[in-house]
Each structure stands twice: as structure tokens, then as C-alpha cells.
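Structure at a glance
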Amino acid sequence: MTNNGISPYRIDIPQADLDDLRERLRRTRWAPELPGTGWERGVPTGYLRDLAEYWADGFDWRAQEAALNAYPQFTTTIDGADVHFLHVRSAEQDATPLLLLHGWPGSVVEFLDVIGPLTDPVAHGGAADDAFHLVIPSLPGYGFSGPLPGTGWTDGRTAAALVELMSRIGYERYGVQGGDVSAFIAPLMGRAAPDHVIGVHVNGLLTFPDPAVTGSLTEAEQARLAGMREWQDKLGAYMQLHGTRPQTIAAALHDSPAGQLAWIVEKFKDWTDPAAKLPEDAVDRDRILTDVSIYWFTATAGSTAHTYYERFNDFSAWAPKERGTVPTAAAVFPTDFSVRPLADRVHNVVRWTEFGRGGHFAALETPDLLVTDLREFFRGLR
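All values reported here derive from a predicted model rather than from experimental measurement.

Rules used throughout
- Residues numbered from 1 in each chain as written.
- Predicted model: local features only at pLDDT ≥ 70, side-chain atom pairs only at ≥ 80, totals over all residues.
- Heavy atoms only, no water.
- UniProt positions renumbered as here; feature names shortened; annotations may be inferred.
- Helix = DSSP H or I, 4+ residues; strand = E, 2+ residues; numbered from the N terminus.
- Axes fitted to C-alpha atoms, helices over the stretch in contact; angles between N-to-C directions.
- Parallel < 35°, antiparallel > 145°, perpendicular 65-115°, else oblique.
- Contact = heavy atoms within 4.5 Å.
- Nonpolar A, V, L, I, M, F, W, Y, C, P; charged D, E, K, R; others polar.
- Buried < 20%, exposed > 50% of the residue type's maximum accessible area, 1.4 Å probe, protein only.
- Phe/Tyr/Trp six-rings, centres within 6.5 Å; stacked < 30°, edge-to-face > 60°.
- Pairing = 2+ DSSP bridges.
- Expected span 1.5 Å × (residues − 1).
- Polar contact = N/O pair within 3.5 Å; in protein donor to acceptor, adjacent residues only side chain to side chain.
- Core = buried A, V, L, I, M, F, W, Y, C linked by side-chain atoms within 4.5 Å.
- Salt bridge = Lys/Arg side-chain N within 4 Å of Asp/Glu carboxyl O.
- Right-handed = clockwise from strand over helix to strand, strands pointing away.

Quick notes on the UniProt feature "domain: Epoxide hydrolase N-terminal" (unreviewed entry) in the protein
Residues given the UniProt feature "domain: Epoxide hydrolase N-terminal" (unreviewed entry) here are residues 6–111. With 32% helix and 22% strand, residues 6–111 has its two end C-alpha atoms placed 22 Å apart.

What follows is the structure, given as C-alpha cells:
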């Protein structure tokens with residue numbers, strides 16, 4: 001351990017855990033399907049069974065583990081919670097520090113395809129001035145950070161822990177990028193440390209109806225709000241379970257890898273580019289299974305669900321607050337419901353980019369678009 005409390009880390013899942021996973025998958029009791037039904041009722045058993053069989057007998061966890069271990073990793077304890085992170089410095093000494101934050105059901109594996117272009121832009125069609133030093137944490141309670149030690153881990157508390165992480169590493173000025181739940185956390189970091197956060201870039205930004213603005217929205221913006229309401233009605237069941245009964249769903253997800261697989265792969269179907277017919281048409285099958293494996297091996301399905309409970313019950317998070325001051329960029333993909341006039345009332349939005357392809361998992365689906373948007377946004381903030 002160094003004098004700042006940071007210790008080197010290497011992923012090394014015990015072989016007994018891999019053997020146990022394979023045995024559980026092979027002994028799965030599969031749910032029968034109703035004739036003539038498909039994805040509209042959830043993950044079809046036929047698809048899930050094929051994917052689970054590949055997970056058990058074709059997927060190479062050790063190869064994925066080695067790919068992750070190719071990058072320097074560390075752990076530290078902040079506010080009583082362990083925090084795991086990748087720290088990949090650019091060869092360009094004046095590179096801008098950038099914190100990359102995953103969401104649910106994500107992990108650090110989301111960002112593997114952007115590490116090279118962001119740290120070594122010259123080798124990937126960019127300029128040396130576009131280089132970043134990257135810090136990629138497993139959010140507290142997620143993945144290799146391990147289960148949370150107790151209750152009370154709201155988004156604000158997580159944001160404060162990540163501000164402390166960047167300070168502990170030694171970065172005084174840095175950017176933050178986050179999607180999904182981290183589209184909440186990243187702006188909170190800007191509010192908590194506006195003298196240190198030079199800019200916040202988000203994707204999957206949720207914007208909520210505001211009577212003062214809603215009446216003046218364009219037809220397209222009204223359609224997005226309607227789409228969000230439909231999403232809540234038809235696709236938001238996971239969020240209600242996480243937010244209200246996390247321990248109950250944890251019992252199922254911790255015991256059944258097939259259940260954990262279904263719980264996550266459904267999101268790779270529902271949230272990815274609408275042009276993709278199957279999850280692996282949008283995101284590589286091995287990358288999806290690496291993400292699911294991380295949840296399984298680290299036993300963090302329940303811990304991540306509990307963070308939703310904290311979010312649902314953190315009344316200060318939903319109270320009116322002053323508009324943020326840190327420059328903010330929003331990347332909007334086809335499955336997002338972001339509405340700029342609503343975002344403008346909460347954030348200091350200086351860049352708004354809408355894309356015609358991709359989906360919720362931007363770093364996995366369209367790393368090229370995300371990298372370009374990050375370069376262009378932070379170019380004016382360095």
C-alpha cells in the first residue's frame with residue numbers, strides 16, 4: 001500500500017468459482033415458454049438457454065480477465081467503502097485527467113474500447129493535444145469495488161467519494177464522463193467540486209417534466225417525454241424492484257447465474273440501438289458475458305440494487321436546487337429521452353449532440369462517436 005492508501009490490484013477469480021458457475025448453469029431449471037411469444041414478454045427461454053450454454057462451455061473468462069489485467073488497477077478505501085479503479089496514463093504528460101463512470105448494468109469493461117483512442121489519440125486519428133489520463137472506477141457497491149459496507153450510499157455520497165478518489169490520486173483539475181446512473185453522479189461531482197471539475201460529459205441523461213417549460217416544448221421534444229413515460233410503464237419494472245425491494249431480487253440474482261444473465265441481457269436488448277435485433281448485434285457477445293460475469297463473481301447484484309433504494313429514498317436528491325455551473329455536454333443517442341430545454345434548467349449545458357446510431361451503452365456500441373464528442377468538448381476546456 002502506498003502512503004495515500006492506494007494499493008495495486010489484479011483480478012484473479014478462483015478456479016473453484018468458475019467451476020461452480022459452470023455447474024450451476026448446466027443444472028438450470030428452465031422456465032417453459034408460451035407458444036407464439038417473444039421478447040415482448042421478457043427474455044425468451046430459447047435465446048437465454050443458448051447464451052447460457054455458451055457462457056458455460058464456450059466463453060473464456062480467463063482471456064477476458066487477462067484483457068482487463070493488461071491495464072494498471074488499484075483499490076483504496078473511501079468513507080468505509082472499497083473503490084477499485086483502472087488508472088491508465090497517457091504518454092502525453094500534459095494530457096487532461098478524465099474520470100469515466102459506468103452505470104447499471106455496466107462495469108469497467110464498458111470502456112475497454114475507448115482507452116486506446118483517449119490515451120493515445122495520435123495512434124487513433126487524433127492530435128496529441130486530445131490526450132487524456134484515464135481513471136475508470138468500479139462505482140462503490142459495483143463489480144470489483146465489492147458490496148457496500150452499509151446503507152446510505154446515495155448518489156451524492158458516491159459523488160463525494162469519487163471527488164476524494166481524484167484528489168487522492170493527485171488530480172486537481174479533471175473532467176468527468178458518465179452515463180445511465182452516472183449521468184446523475186457526474187453532475188453531482190461538478191456541484192460538489194466546481195473548482196476541480198472542468199467539465200461534465202453525460203449520455204443517457206434523464207430530464208424530467210417541468211410545468212414552466214413543458215408547454216413550450218417542440219413536437220419532437222414532447223414525443224421524447226411521451227417515450228420516457230412509455231418506457232417507465234413497459235420497461236421500468238427492474239427499477240421499481242431495485243428501488244423498493246432490493247433484498248428480495250438479490251436473493252434470486254445471487255443464487256441463479258441464469259437469472260442474473262436474464263436480468264442483465266434484457267437491458268442489452270431493450271436499451272441498445274433499435275436497429276439491433278439481438279443484444280449481440282449491438283454489443284459483442286463476449287463483452288456482454290464479461291459484464292455479467294463481473295456481477296456474478298463479485299456478488300454485487302444485491303449491492304447495486306440497494307443503490308436504487310437509496311436513490312428512491314434520498315429526498316434531497318429530488319428537491320429543487322440551483323442550476324449547476326460547470327460546463328456540461330450531453331450526448332443523445334436514439335434510445336435516450338433527453339430534452340434540452342429541461343436539461344438547461346438544471347445544468348450549464350454548453351454542448352448538445354444528437355446521434356443517429358447507437359444506444360444507451362455508448363462506450364460499447366459506438367466508441368468512435370463517444371471519443372470524438374469527448375475530444376471536441378474538452379478541447380475548449382483544458
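Details of the packing of helix H3 (residues 61–69) against helix H13 (residues 285–298)
Contact pair H3 / H13: the axes reach a minimum separation of 10 Å and the direction vectors enclose 85°. As judged from the angle between their axes, H3 and H13 are roughly perpendicular. The residues of H13 that touch H3, namely those facing Trp 61, Gln 64 and Leu 68, are Asp 286, Thr 290, Ser 293, Ile 294 and Phe 297. A breakdown of the residues in the contact of H3 with H13 according to their chemical character gives four nonpolar, three polar and one charged.

Quick look at the side chain of Arg 311
Structurally, Arg 311 can be placed in helix H14 (residues 301–312). Taking the relative accessible area as the measure of exposure, Arg 311 reaches 7% and is therefore buried.

So, the packing of aromatic side chains
Counting across every chain of the model gives 19 aromatic pairs. Measuring from ring centre to ring centre gives 6.2 Å for Trp 104 and Tyr 308, while their planes differ by 85°; the resulting arrangement is edge-to-face. Pair noted here: Trp 104 is in the loop between strand S4 (96–101) and helix H4 (112–119) and Tyr 308 is in helix H14, with a separation of 204 residues, a long-range link. With relative accessibility at 3%, the residue Trp 104 sits in the buried group. Owing to a relative accessible area of 3%, Tyr 308 belongs among the buried residues under this scheme. Ring centres of Phe 333 and Phe 355 lie 4.8 Å apart, and the angle between their planes is 15°; this geometry places the pair in the stacked category. Of this pair, Phe 333 sits in the loop between strand S8 (327–332) and helix H16 (340–344) while Phe 355 sits in the loop between strand S9 (348–354) and helix H17 (362–365); the two residues are 22 residues apart in sequence, bridging distant segments of the chain. Phe 333 gets classed as buried once you look at its relative accessible area, which sits at 1%. Members of the aromatic cluster, connected to one another through ring pairs, are Trp 104, Trp 231, Tyr 238, Phe 268, Trp 271, Tyr 308 and Phe 361.

Describing the sheet that holds S8
In space, the nine strands of this open sheet follow the order S1-S2-S3-S5-S4-S6-S7-S8-S9, with mixed pairing throughout. Since the sheet does not close on itself, it has two edges, and those belong to strand S1 (7–9) and S9, each with one partner. Put simply, the sheet's adjacent strands are angled 25° from each other on average, direction ignored. Taken together, the six bridges between S8 and S9 define a ladder with parallel strand orientation. Paired with Pro 327 across the strands is Asn 348, a residue of S9. Sheet strands in contact with helix H6 (residues 182–192) are S4, strand S6 (174–179) and strand S7 (197–203), and its direction is about 165° off that of S7.

Considering H13
In a regular helix each residue adds 1.5 Å, so 14 residues correspond to 20 Å; H13 covers 20 Å between its end C-alpha atoms and thus fits that length. Among the 14 residues in H13, 12 count as buried, and that is most of the element. Here H13 has its buried residues at Arg 287, Ile 288, Leu 289, Thr 290, Asp 291, Val 292, Ser 293, Ile 294, Tyr 295, Trp 296, Phe 297 and Thr 298. Where H13 begins, the side chain of Asp 284 points an oxygen toward the backbone nitrogen of Asp 286, at a separation of 3.0 Å.

Considering the nonpolar core
If you look at the biggest cluster of nonpolar residues, it comprises 112 residues, and the most contacted ones within it are Trp 61, Leu 101, Leu 118, Leu 134, Tyr 174 and Met 189. With residues up to four places along the chain from it excluded, the contact list for Met 189 reads Leu 99, Leu 101, Ala 159, Leu 162, Val 163, Tyr 174, Val 176 and Val 197. Formed by five residues, the second largest nonpolar core is a distinct cluster that contains Ala 331, Phe 355, Ala 362 and Leu 369.

Some details on the pattern of salt bridges
Applying the stated criterion across every chain, the model contains 22 salt bridges. A salt bridge links Arg 311 to Asp 155, with the nearest nitrogen and oxygen atoms 2.7 Å apart. Linking Arg 311 in helix H14 with Asp 155 in helix H5 (residues 155–169), this pair joins segments that are 156 residues apart in sequence. Here Arg 311 matches Asp 155 in class, with each residue buried. The network of salt bridges with shared partners includes Asp 12, Arg 62 and Glu 65.

Structural notes on the pairing of S6
Of all six residues in S6, six are buried; the element is thus mostly enclosed. Side-chain alternation along S6 places Tyr 174, Val 176 and Gly 178 on one buried face and Gly 175, Gln 177 and Gly 179 on a second face that is also buried. Relative to S6, S4 runs parallel, the two being bridged by four bridges. When the sheet's bridge partners are listed, Leu 98 is paired in S6 with Gly 175. Note that the unit made of S6, H6 and S7 has a crossover that is right-handed.

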